[in-house]
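Chain by chain, the residues run as shown.
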Amino acid sequence: MTTPSATKRVLVKSYGCQMNVYDAERMTDILDGQGYQATDNIDNADLIILNTCHIREKAADKVYSELGRLRELKAERKNAGQDFKIVVAGCVAQAEGKQILRREPAVDLVIGPQSYQNLPELLARKSRSRHVDTEFPVDDKFKSLPSPSNERAKARGVSAFVTIQEGCDKFCTFCVVPYTRGSEYSRPVADVLAEVKRLTDVGIREVTLLGQNVNAYHGLDESGHSASLGELLKRVSEISGIARIRYTTSHPLEMDENLAFAHRDIPEVMPYLHLPVQSGSDKILGLMNRRHTMHDYLDSIAMMRRHRNDIVFSSDFIVGFPGETDEDFQATLTLIEEVGFASAYSFKYSVRPGTPAAEMDDQIPEDVKDRRLQILQALIAKQQRRHQDSMVGKTLDILVERKGRYPGQMAGKSPHLLAVAFDAPSDYIGRVVQVRITDSVTNSLVGTLV
Ligand code: SAH
Ligand code: SF4
Ligand code: F3S
């Protein structure tokens, strides 16, 4: 037991993807058991963890500018007779390890995503020696990381992330993830179900199952059978209290009809699929080592629509990959129109040291990347708006998540992940209600409770 005076405060700052958000929660959970209370206030933090992202150059650079600021703050605090520890976690920690200690003397500990279970022990060390832990331990980190206490889980709202698969063996030529997250690993079915059950016990209504290649999920079930994502979705949907299930991110190579059947047969599985394609040009897809063609991708889209006609798609795009011509870029725009994506993330290709694409000829100038990104984002924005506007006049099931911006107003999400605001009592949080959509404004819908 810790006495109140022994209570310390930890601030975790997360960058990058949803898996980092999940990991941040697991880190605060494990430190909670060590007498560390989570805080948002840097001024009273005894421990600051930067949970970093290495995906693009900008993301990685951000870490060092943040560390520079923390170094100054730490010096000020030391002058005042106080101190705090700085930990670098996440994908930059994994990718750069010791280099971080060399470059930034203020850092106390560098810890990779597979080692978070070692945090308490490493922090408790009396020695002043600075440390790096970027092993890929064979024993399962998930087993050693605790679940949140009931109060903590409750405070996180009605929707939660649950990592079910981590790592990637695909080695797209532009990407660092296989190096920072290691090879693919699926959590056993029983562990996933137990975690979801604990979340629903404290009022969580929606779970988003996470994985770098979530549809490659193949966790073992109780009888030693390797379960597909479709099978796992079925099991999760049977947990009482679950209203909605989402999953992300899927890979085109791993699409199989069982997933389409899950969308058809399980009402809790939402009609939304994030399926990154990166480019609409087969030449570029080949150079990226995506191992599928544009037609394979369109076939998957058609297969999903055949079984669930109201499903909408979102995607990720990279513009300015080495060798991308105007024609290749045009093919991407054509694909975007053909699929009619309801939303998308898009990025300028960013050179990542150590990846094959960094060494490729024909790197694209920055101004060309800028122009292509603008064109692509304008097209996506138009489609996004069209999709949103098409909801006006319809009655949608909305999961009520929180209070809205105005008094008396509540906010929630539609099955297609659109934000909706409407007047309703505040104790409606966590309920799925019917809302008739009356208006479409910037980035959200407005409606009235039916
Ligand atoms: N596992 C997922 C996504 C991984 S990273 C998938 O396979 O699609 C998220 C997105 O970041 C990618 O889909 C890609 O669009 C983008 N990305 C990854 N590496 C990048 C790089 N070097 N430059 C620009 N964007 C990149
Ligand atoms: Fe990166 Fe490709 Fe793996 Fe996605 S599938 S994480 S883009 S290597
Ligand atoms: Fe970034 Fe690592 Fe996620 S590189 S996108 S935090 S897997």
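This structure is a prediction, so every number in the text was calculated from the model and none was measured.

Visitor: What should I look at first to understand the domain arrangement of the chain in this one?
Guide: Frequently, the measure chosen for interface size is the accessible area removed from exposure when the parts meet. When the domains of the chain are assigned, the result is domain 1 (8–133), domain 2 (150–389) and domain 3 (395–449). Taking only C-alpha atoms into account, the centre of domain 1 sits 37 Å from that of domain 3.

Visitor: When you look at the site of ligand 3 in this model, what are you seeing that I'm missing?
Guide: Taken together, Cys17, Asn20, Thr52, Cys53, His54, Ile55, Cys91, Arg181 and Gln212 make up all the residues around ligand 3. Broken down by class, the residue content of the shell around ligand 3 amounts to four nonpolar, four polar and one charged.

Visitor: Looking at this structure, I do not really get helix α9 (residues 189–201). What am I missing?
Guide: One turn of the α-helix equals 3.6 residues, which is why residues spaced by three or four share an orientation. The end-to-end C-alpha distance of α9, which contains 13 residues, comes to 18 Å, matching closely the 18 Å that a straight helix rising 1.5 Å per residue would cover. Among the residues of α9, those classed as buried are Val189, Val192, Leu193, Glu195, Val196, Leu199 and Thr200. Along the axis of α9, the buried positions cluster into a sector of 165°, meaning they face one direction only. Where α9 is buried, its residues meet α1 (18–32), α7 (150–155), β7 (159–163), β10 (206–210) and α10 (229–237). Looking one or two residues past α9, glycine 203 carries a phi angle of roughly 100°, positive in sign.

Visitor: How should the packing of helix α13 (residues 294–307) against helix α14 (residues 326–339) be read in this particular structure?
Guide: For any two helices packed against each other, the geometry is given by the interaxial angle and the distance between the axes. In the contact formed by α13 and α14, the axes pass within 12 Å of each other and the chain directions differ by 10°. For the element pair α13 / α14, the angle class is roughly parallel. Between α13 and α14, the residues in contact are Met294, Tyr297, Leu298, Ile301 and Arg305 and Leu335, Glu338 and Val339, respectively. Looking at the contact of α13 with α14, its residues break down into six nonpolar, no polar and two charged.

Visitor: So what exactly am I meant to see when it comes to the sheet that holds strand β4 (residues 85–89) here?
Guide: To summarise the sheet geometry, strands pair through backbone hydrogen bonds and adopt either a parallel or an antiparallel arrangement. Within the open sheet, the six strands sit side by side as β2-β1-β3-β4-β5-β6. Their pairing is parallel. Lying at the two open borders of the sheet, with one neighbouring strand each, are β2 (36–38) and β6 (131–133). Averaged over all adjacent pairs, the angle separating strand axes in this sheet is 20°, with direction ignored. Where strand β5 (residues 109–111) and β6 come together, three bridges link them in parallel fashion.

Visitor: I would appreciate a short explanation of the site of ligand 1 in the present structure.
Guide: Every one of the 16 residues lining ligand 1 counts as a neighbour, but Phe174, Gln212, Gln278, Asp316 and Ser350 are closest to it. One of the backbone N or O atoms of phenylalanine 174 is found 3.0 Å from a nitrogen atom in ligand 1. Within the side chain of aspartate 316, one N or O atom sits 2.6 Å away from an oxygen atom of ligand 1. Breaking the shell around ligand 1 down by element, the ones donating at least two residues are β13 (312–319) and β14 (343–348).

Visitor: What is the right way to look at the pairing of strand β1 (residues 8–14) in this model?
Guide: In summary, the side chains of a regular strand alternate between the two faces of the sheet. Pairing of β1 with β2 involves three bridges; the strand directions are parallel. Looking at the pairing, lysine 8 lines up with tyrosine 36 of β2. You can see the chain leave β1, run along α1 and come back into β2, and the turn it takes is right-handed. In the sheet, β1 pairs with strand β3 (residues 47–52) via five bridges, with the strands oriented parallel. In the sheet register, lysine 13 faces β3, and the bridge partner there is leucine 50.

Visitor: Just to check I follow, could you spell out the pattern of salt bridges for this structure?
Guide: For the coordinates displayed, the defined rule picks out 26 salt bridges. Aspartate 326 is the salt-bridge partner of arginine 372, the closest N and O atoms lying 2.9 Å from each other. Residue arginine 372 is found in helix α15 (residues 366–389), and its partner aspartate 326 is found in helix α14; the two are separated by 46 residues along the sequence. On the basis of relative accessibility, which here comes to 51%, the residue aspartate 326 falls in the exposed class. The partner of glutamate 366 in a salt bridge is lysine 369, and the shortest N-O contact between them spans 3.5 Å. Of the two residues, glutamate 366 and lysine 369 are both situated in helix α15; the distance of three residues between them amounts to about one turn of the helix. We classify glutamate 366 as partly exposed; its relative accessible area is 43%. Several salt bridges share partner residues, and in doing so they unite Arg26, Asp29, Arg187 and Glu195 into one network.

Visitor: Any chance you could explain the nonpolar core here in plain terms?
Guide: Buried together is how nonpolar side chains tend to be arranged in soluble globular proteins. Grouped together as the largest cluster of nonpolar side chains are 53 residues, with contacts concentrated most on Ile164, Val207, Leu209, Leu233 and Tyr247. At six residues, α13 tops the list of elements feeding residues into this core. With residues up to four places along the chain from it excluded, the contact list for leucine 209 reads Val162, Ile164, Val214, Leu232, Leu233, Ile245, Arg246, Tyr247 and Thr248. Counting residues in each nonpolar core, the second largest holds 23 residues, with Ile48, Cys53, Ile86 and Val107 among its members.

Rules of the game
- Residues numbered from 1 in each chain as written.
- Chains lettered and ligands numbered in written order.
- Predicted model: local features only at pLDDT ≥ 70, side-chain atom pairs only at ≥ 80, totals over all residues.
- Heavy atoms only, no water.
- Domains from an automatic or database assignment.
- Near = heavy atom within 4 Å.
- Nonpolar A, V, L, I, M, F, W, Y, C, P; charged D, E, K, R; others polar.
- Helix = DSSP H or I, 4+ residues; strand = E, 2+ residues; numbered from the N terminus.
- Expected span 1.5 Å × (residues − 1).
- Buried < 20%, exposed > 50% of the residue type's maximum accessible area, 1.4 Å probe, protein only.
- Arc of directions from axis to C-beta.
- Contact = heavy atoms within 4.5 Å.
- Axes fitted to C-alpha atoms, helices over the stretch in contact; angles between N-to-C directions.
- Parallel < 35°, antiparallel > 145°, perpendicular 65-115°, else oblique.
- Pairing = 2+ DSSP bridges.
- Polar contact = N/O pair within 3.5 Å; in protein donor to acceptor, adjacent residues only side chain to side chain.
- Right-handed = clockwise from strand over helix to strand, strands pointing away.
- Salt bridge = Lys/Arg side-chain N within 4 Å of Asp/Glu carboxyl O.
- Core = buried A, V, L, I, M, F, W, Y, C linked by side-chain atoms within 4.5 Å.

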